[in-house]
Amino acid sequence: MKKEHLLILPALLLTILIIIFPIFELLKSSFFDPDFTLRHLEKFFSKTLYIEVLFNTVKISLFSTLFCFILGYPSAYFIAHSNKRFRGYFLFLILLPFWVSILIRSYSWMTVLGIEGVINTTLIYLGVIDQPIRMLYTTGTVYLAMVQIMLPIMILTCYGSMLRVEEDYVKAARILGAGPIQAFYKVYFPLSFPGAASGSIIIFILSMGFFITPALVGGKKDIMIGNLINFQINQLLNWGFASFIGLVLLIVTLVIVLLFVYLTRFKIENRIGG
Amino acid sequence: MKKILKFIISFTFISFFLTANVNAETIYVNGYGGTTWENITKAFLGPLKAKTGLDVDLVPDPSLAKLAAMVSANKCDYEIIELEGATYILAVEKGLLQEINYDIVDPNNIVADSHKKKFGYEFVAFSEIIAYRNDQFPNGGPTNMAEFWDVEKFPGARTMHDRVVGSLEFALEADGVAPSDVYKVLSSPGGIDRAFKKLDEIKPHVVKFWSSGAEPIQMIADGEVAAAIAWNGRLQAMANEGVDVFYTFQDGNLDSGIYSIPSSCSKESADTAALYLNAWTTPEWAVVWAKLMPYPPFTGGVAEQLDPEYAKLLPTTPENVAMQHQTDWTFWHANYESLNERWKEWTLE
């Protein structure tokens, strides 16, 4: 073992202490409460509530990730290919919302999207509509608020990997006869994809744990699994069952992330090979 | 520059020792911050300090989960926690609370026994009630639950608390059950189904089930809903700020906040904490509080000292009590988890 390897030790110890150990405890209390029991498992799968909410959570997280990609990737491209002098300024603008609390950002949507909010008042004033449109408290608002919160992550990770793309490869593809779209699709995109992939994974994992924002701006049906865990912990002191839901959340998240990594690696390699 | 630094350092040290010294004289309350705590400070903490030298500080946002963790670690980070009916019963069941010494809290015996629970003192009353902005219904809006449910006669969006407790009772009241009979019907066979069936009727018109008390207020103010179920204190605060809001206690839900002492606190600190509870039973101070916040305490002699016009705004005024149902926590404790699950399933349907 090289001496440098010792440098990883503090981080490793910390990880074991604050991540591995709690996850082990989580596993334990899901099945030992206090003796070995499968009752949490039975309860989870015997009610439609938990499965339905879990499904809803996955759906909202997947779509939020997708929307972040659709909006974030082109923005990152724009910044990465803009004049060097302005890049820092653009990045600063993107990071700006990070300094505002999530709660305030969620509330600020209310003044924009409300029945008597900016958009509705303007549209009515301009005569486009005569009855206000209900935009708040819908699943659409949930996506809007979540994408707003997560978008900077996607832009930053994409931007990072785009800077590392050798422009000469794209030029080479063009010289060898590829059209601009083909050159992008066959060369630039696969090379910049690692950033988009890591951004997507981070955003997906974060979204799976969200619950305050959807509860604030969402409608009746926008319940996230985090809401149910919170209720079990804070209202019922049923930590065993809360752990079990947490465990299911962890497993489902891991499976989807691994599936994503497996599928995209396969695709990208294929593409570069072809 | 050095001088300033020296000063800051010595000042920090001195103030550290000073606070460490008076620590024995400070108790901590795990309660809600904001206007409530400001008014508690005005009405009770100033006079209490003058009388007993006791300092009371806030640990914001009460959490049953944190209480359980604290008790299992056998620590006493705060001497008092604010609970509500459901969390109180659960905390008693799990042995998280200790008995309250009413010889200190209410030496003159001026609070009715029903508010002096073994492990918790019911210190304030509040209500969840029907409210709307007057301009939403120029010819008068809903004044009882049946009318709140009647979207033909009183059209427009609604919001209700995302909470099964209270909502089932409201549904039965809308279905013609008298407030005093709601728990009799709920406990009888088919009663719960009847409530859910009635809730089906209003559900398409409920744009949002709110979870924090500020939300319905915002939704009324912003015109997101035509009518709402909201807390009376927040409604009055809204009216004080100039919003033309109507509210009625008819078919409302009367409930109370509970102060309890964690079982992991020593007997001495519990007795010191009881001095703070005693402040709430002191009529002169309680009157000041009731004038600031329409969440009155249950101390005898308070209602008589209030302006009769103002008393009408309080949930505990006898005429208002008669219009409402009072949460029956015995019923709810027996059904809490299963009905909560059913409620969530119902909202997803």
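Structure: above.
Below, the structure is looked at part by part. Just so you know, the residues in each chain are numbered from 1, in the order the chain's sequence is written. Whichever chain is written first is A, and whichever ligand is written first is 1; the rest continue in order. A pLDDT threshold of at least 70 governs which residues receive local features in this predicted model, and a stricter bar of 80 or more applies before side-chain atom pairs are shown or counted, although totals over entire chains, interfaces and linings include all residues. Based on all heavy atoms of the structure, the side-chain values leave hydrogens and waters out of the count.

Concerning the overall build of chain A
Then, in step 1: In this description a helix means any DSSP run of H or I spanning at least four residues, a strand means any run of E spanning at least two, and both kinds are numbered starting from the N terminus. When helices and strands are counted, chain A shows 12 helices and 0 strands.
Then, in step 2: Going from the N terminus to the C terminus, chain A shows its helices and strands as α-α-α-α-α-α-α-α-α-α-α-α.
Then, in step 3: Burial classes follow relative accessibility: with a 1.4 Å probe on protein chains only, a residue under 20% of its type's maximum area counts as buried, one over 50% as exposed, and anything between as partly exposed. Within chain A, the proportion of its 274 residues that are buried is 41%.
Then, in step 4: The accessible surface values rely on the Shrake-Rupley method and a 1.4 Å probe; as for residues, cover is taken only from the protein chains in view. Carbon and sulfur atoms make up 73% of the accessible area of chain A, which totals about 15,700 Å².
Then, in step 5: Between the averaged position of the 21 positive side-chain charges in chain A and that of its 13 negative side-chain charges there is a distance of 7 Å. Neither His nor the chain termini are counted; the positive set is Lys and Arg, and the negative set is Asp and Glu. The location of each charge is read from NZ of Lys, CZ of Arg, CG of Asp or CD of Glu.

Points about the interface of chain A and chain B
Then, in step 1: The interface of chain A with chain B comprises 34 residues on the first partner and 35 residues on the second.
Then, in step 2: Accessible area that two parts lose when put together, with a 1.4 Å probe and added across both, is what the buried area reports. When residues of chain A are sorted by the area they lose upon contact with chain B, Tyr137(A), Lys220(A) and Leu237(A) head the list and together hold 24% of the total.
Then, in step 3: The term salt bridge refers to a pairing of a side-chain nitrogen on Lys or Arg with a carboxyl oxygen on Asp or Glu at a separation within 4 Å. Summed over the shared surface of chain A and chain B, the result is 5 salt bridges.
Then, in step 4: Among the ionic pairs, Lys47(A) bridges to Glu341(B), the shortest N-O distance being 3.2 Å.
Then, in step 5: Polar contact is the term for a pair of N or O atoms within 3.5 Å; when the atoms are in protein, one must be able to donate a hydrogen and the other to accept it, and sequence-neighboring residues count only if both atoms are side-chain atoms. Linking chain A with chain B are 17 residue pairs in polar contact (both at pLDDT 80 or more), by the criterion used here. The contact criterion used is simple: two residues touch if any of their non-hydrogen atoms lie within 4.5 Å.

Some remarks on the packing of aromatic side chains
Then, in step 1: Classification of ring pairs rests on two measures: the distance between centres of Phe, Tyr or Trp rings, Trp counted by its six-membered ring, which must be within 6.5 Å, and the angle between planes, read as stacked under 30 degrees, edge-to-face over 60 and tilted in between. Going through the model one piece at a time under the given rule, you end up with 44 aromatic pairs over all chains.
Then, in step 2: Between the aromatic rings of Phe69(A) and Phe189(A), the centroid separation amounts to 6.4 Å while the plane-to-plane angle is 70 degrees, which identifies the pairing as edge-to-face. Remark: Phe189(A) occurs in helix α9 (residues 180–208) and Phe69(A) occurs in helix α3 (residues 48–80); sequence separation between them is 120 residues.
Then, in step 3: Judged by relative accessible area, Phe189(A) falls into the buried class, the value being 14%.
Then, in step 4: On the basis of an interplanar angle of 70 degrees and a centroid distance of 6.2 Å, the ring pair of Tyr73(A) and Phe184(A) is categorised as edge-to-face. Linking Tyr73(A) in helix α3 with Phe184(A) in helix α9, this pair joins segments that are 111 residues apart in sequence.
Then, in step 5: When its relative accessible area of 6% is taken as the criterion, Tyr73(A) is described as buried.
Then, in step 6: By the ring-pair criterion, three or more aromatic residues cluster together here, those being Phe69(A), Tyr73(A), Tyr77(A), Phe184(A), Tyr188(A), Phe189(A) and Phe193(A).
Then, in step 7: Only when the NZ of Lys or the CZ of Arg is both within 6 Å of the ring centre and within 35 degrees of the ring normal is a charge said to sit over the ring. Above the ring of Phe148(B), the side-chain terminus of Arg158(B) is found at 5.2 Å from the ring centroid.

Details of the nonpolar core
All names here are of chain B.
Then, in step 1: By convention a nonpolar core is built from buried Ala, Val, Leu, Ile, Met, Phe, Trp, Tyr and Cys residues, the set being connected through side-chain atoms within 4.5 Å. Grouped together as the largest cluster of nonpolar side chains are 39 residues, with contacts concentrated most on Phe148, Trp149, Met160, Leu168, Phe196, Leu199 and Trp332.
Then, in step 2: Elements represented by at least two residues in this core include exactly β6 (120–133), α6 (145–149), α7 (164–174), α8 (182–187), α9 (191–202), β8 (206–210), β9 (227–231) and α16 (329–348).
Then, in step 3: When residues no more than four places from it in sequence are discounted, the contact partners of Trp149 are Met160, Phe170, Ala171, Ala174, Lys198, Leu199, Glu201 and Ile202.
Then, in step 4: Judged by nonpolar contacts, the second largest core, of 36 residues, contains Val29, Leu45, Tyr102 and Val105.

The values reported here are purely geometric and, on their own, carry no functional implication.
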